[in-house]
Amino acid sequence: MNTAINQGAVLAEKLLRYALHNGLIEEDDIIWARNQLLDLLRIDEPLQDACIEDDPIPEYASPILEEILDYCHEKGILSENTLTHRDLLDTRIMGIFVSKPSDIISKFNRIKAADGITAATDYFYHLCQKSDYIRMERIKRNLKWNYDSPFGTLEITVNLTKPEKDPKEIAALKNAPQSGYPKCLLCIENVGYAGRINHPARQTHRTIPLELYGETWHFQYSPYVYYNEHCIVLKEEHVPMKLTRETYHRLFAFLDQFPHYFIGSNADLPIVGGSILNHDHFQGGRYVFPMEKASVEYPLECIEYENIEAAVVNWPMSVIRLASADKEALGDYAFHILSMWREYSDPEHDILAYSFDEAGNPIPHNTITPIARKKQDGRYELDLVLRNNRTSSEHPLGIFHPHQDLHHIKKENIGLIEVMGLFILPGRLQKELNAIKEYLTGNAAGSIYELDDPAHPLHHHSQWVKELVINYGTSLNETEAQSVLEEAVGKKCLRVLTDAGVFKTTDTGREGFDRFLAAVGLTRRQLSGYSPLLESLK
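Residues numbered from 1 in each chain as written. Predicted model: local features only at pLDDT ≥ 70, side-chain atom pairs only at ≥ 80, totals over all residues. Heavy atoms only, no water.

Colleague: How should I be thinking about the overall build of the protein in this particular structure?
Modeller: Each helix and strand in the protein was counted, giving 17 helices and 16 strands. Taken over the C-alpha trace, the protein has a radius of gyration of 26 Å; the compact-globule value for 538 residues is 24 Å, and the two agree within 12%. Relative to its full complement of 538 residues, the protein shows a buried share of 54%. Sequence separation of 24 or more characterises 66% of the internal contacts of the protein that already satisfy a separation of 6 or more. About 23900 Å² of surface is accessible on the protein, with carbon and sulfur atoms providing 49% of the total. The centroid of the 55 positive side-chain charges in the protein is displaced by 1 Å from the centroid of its 77 negative side-chain charges. (Helix = DSSP H or I, 4+ residues; strand = E, 2+ residues; numbered from the N terminus. Rg over C-alpha atoms; globule rule 2.2 N^0.38 Å. Buried < 20%, exposed > 50% of the residue type's maximum accessible area, 1.4 Å probe, protein only. Contact = heavy atoms within 4.5 Å. Areas by Shrake-Rupley, 256 points an atom, 1.4 Å probe, with all protein chains shown as cover. Lys, Arg positive; Asp, Glu negative; His and termini not counted. Charge placed at Lys NZ, Arg CZ, Asp CG, Glu CD.)

Colleague: What am I meant to see in the packing of aromatic side chains here?
Modeller: Each aromatic ring pair is characterised by the separation of its centres together with the angle its planes make. Here the structure, examined in full by the defined rule, presents 25 aromatic pairs. On the numbers, 5.1 Å between centres and 75° between planes, the contact of W341 with F516 is edge-to-face. Taken together, the positions of W341 in helix α11 (residues 327-342) and F516 in helix α16 (residues 507-519) put the pair 175 residues apart, joining distant regions of the chain. One aromatic cluster is present, built from ring pairs that chain together F108, F124, Y125, F219, Y221, F254, F258 and Y261. For the cation-ring pair, R524 lies above Y298, with the distance from its terminal atom to the ring centre recorded as 3.5 Å. (Phe/Tyr/Trp six-rings, centres within 6.5 Å; stacked < 30°, edge-to-face > 60°. Lys NZ or Arg CZ within 6 Å of the ring centre and 35° of its normal.)

Colleague: I tried to follow empty space enclosed by the protein on my own but got confused; where do I start?
Modeller: To locate leftover empty space, one rolls a probe as large as a water molecule over the atoms. Under the definition given, this model contains one cavity of 30 Å³ or more. There is about 30 Å³ of room inside the largest cavity. Taken together, F262, Y287, F289, M291, E292, R373, D383 and M420 make up the full set of residues lining the largest cavity. Each residue belonging to the lining of the largest cavity can be placed in one class, and the counts come to five nonpolar, no polar and three charged. (1 Å grid on protein atoms, 1.4 Å probe; cavity = no way out; pocket = protein on both sides within 12 Å on 5 of 7 lines; lining within 4 Å. Points joined across faces, edges and corners; volume = space filled by probe spheres on them. Nonpolar A, V, L, I, M, F, W, Y, C, P; charged D, E, K, R; others polar.)

Colleague: Just checking my understanding: could you explain the packing of helix α13 (residues 429-441) against helix α15 (residues 478-500) for this structure?
Modeller: A pair of packed helices is captured by two measures, namely the crossing angle of their axes and the spacing between those axes. Orientation of α13 relative to α15, taken along the N-to-C sense of each, is 125°, at an axis distance of 9 Å. By the angle class used here, α13 and α15 are oblique. In this structure, α13 crosses over α15, and the sense of that crossing is right-handed. Contacts from L433, I436, K437, E438, L440 and T441 in α13 reach E478, A481, Q482, V484, L485 and V489 in α15. Its residues assigned to classes, the contact of α13 with α15 comprises seven nonpolar, two polar and three charged. (Axes fitted to C-alpha atoms, helices over the stretch in contact; angles between N-to-C directions. Parallel < 35°, antiparallel > 145°, perpendicular 65-115°, else oblique. Left-handed = near helix turned anticlockwise from the far one by under 90°.)

Colleague: Help me understand the sheet that holds strand β1 (residues 143-149) in this model?
Modeller: What holds strands together in a sheet is hydrogen bonding between their backbones, with the strands either parallel or antiparallel. The mixed open sheet is built from three strands, whose spatial order is β1-β2-β15. Taken across any chain shown, the strands that pair with only one partner, and hence form the sheet edges, are β1 and β15 (422-425). For this sheet, the mean angle separating the axes of adjacent strands, direction not counted, is 20°. Where strand β2 (residues 152-158) meets β15, four bridges bridge the pair, whose relative direction is parallel. Looking at β15, one finds that I156 is bridged to F423. (Pairing = 2+ DSSP bridges.)

Put into structure tokens, the structure is as follows:
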């Protein structure tokens, strides 16, 4: 056996040992799995003599896979050594170790019946991480820090999970043939799909079917896990996002099955919605967001429903928090608020329920981002975040969207995750913030005025960098400069939430908010007596 083949066989055995150690395969599967690997790696026979038993087993498969991919490129198995082609091949490799859907669904349900839903999700989440469906080694690279705002601690992540494509890959994507299968990134047809240059491989992807209010939905984990156990719950049928009365039934039905998770829906309109509006879905997980921890700004009295507690949350966006043990009443009232908001206009605060196209057809602008939780005492807690997607000549991307002066940090839609105080910022900021740090430490090669050149890679930050230099000078050490930048980005993120809030946290804004609250039967009340909701908001 020659050295090159020997190296491939060694790597195959390392991956087999990793898979066995992490429960992806059992002893009876080893010969079968080995033969699958040998075929894929074009190796004639397995390793005979070299010992790998003393080699440490990595926490995740990525280090072994990187070596295998390098080997495949060397041997011509990997035709193009780009990130896209490497991802397609390593997912195919790991697909060998992921059982077919029916086996995983059966095991999930057996664990759930024997040990409870938390044990079942622990099993499924572990599988998704160890199979490299969730690429934990990439996620570890994300930059993270907190910003202490007047509304509580905001969490900030620079997303390096999706590395930027090189020019060669971008050109290939432009010329790639289009396909309508799967219809979108969420469709259940993604399960086991081999992928292509413009669609990720999903041989390691599995879902768990659920019944939510008489419909079949599917539970899966996000491959990007922006927070702990970040899950997606998607409708089996490919239909657009639409908030209805049944939305609340399904949120509560999910919580009855997964009480240790929160669940929420992106808004169902462009600009204020998520990145995928053409497939109805929710997002959830096992995580407490900053908005959930925020204090109460003022309590409310619910005139029509005595068994529903209500409060305005002390948050830059306009958030109504409702709580009740009666999920039917809570769902009915939440949908009433949504229905009233859809028709509500307040020109003084730039809120118009509709505009009209050239043909006179109404264009709706008001919707809600709902987030639900089930508390330990059995009550359901529901946050309703008021949204409006109007645009104007001054703010062509959205009046209640990050304004122009914030686009150098955050230009994308403000969806469910950012609404709750976790910011997912673009990966380009890693290099850009490091370059800006050079100006604050006096190590920049050129003058700050070079940023005025539209061709300069930091041109979109030019005004901000000048302000930072004026305020902090150019003699900071590395630690000080890093701290200044994190604080400055945090302030920008707070502004993002402020811009997205329909009723601002000013006296005038709260007067406008109170008028809408009165329209849906909510009035301010004085704090008196014990309230579980208000206790949770303190």
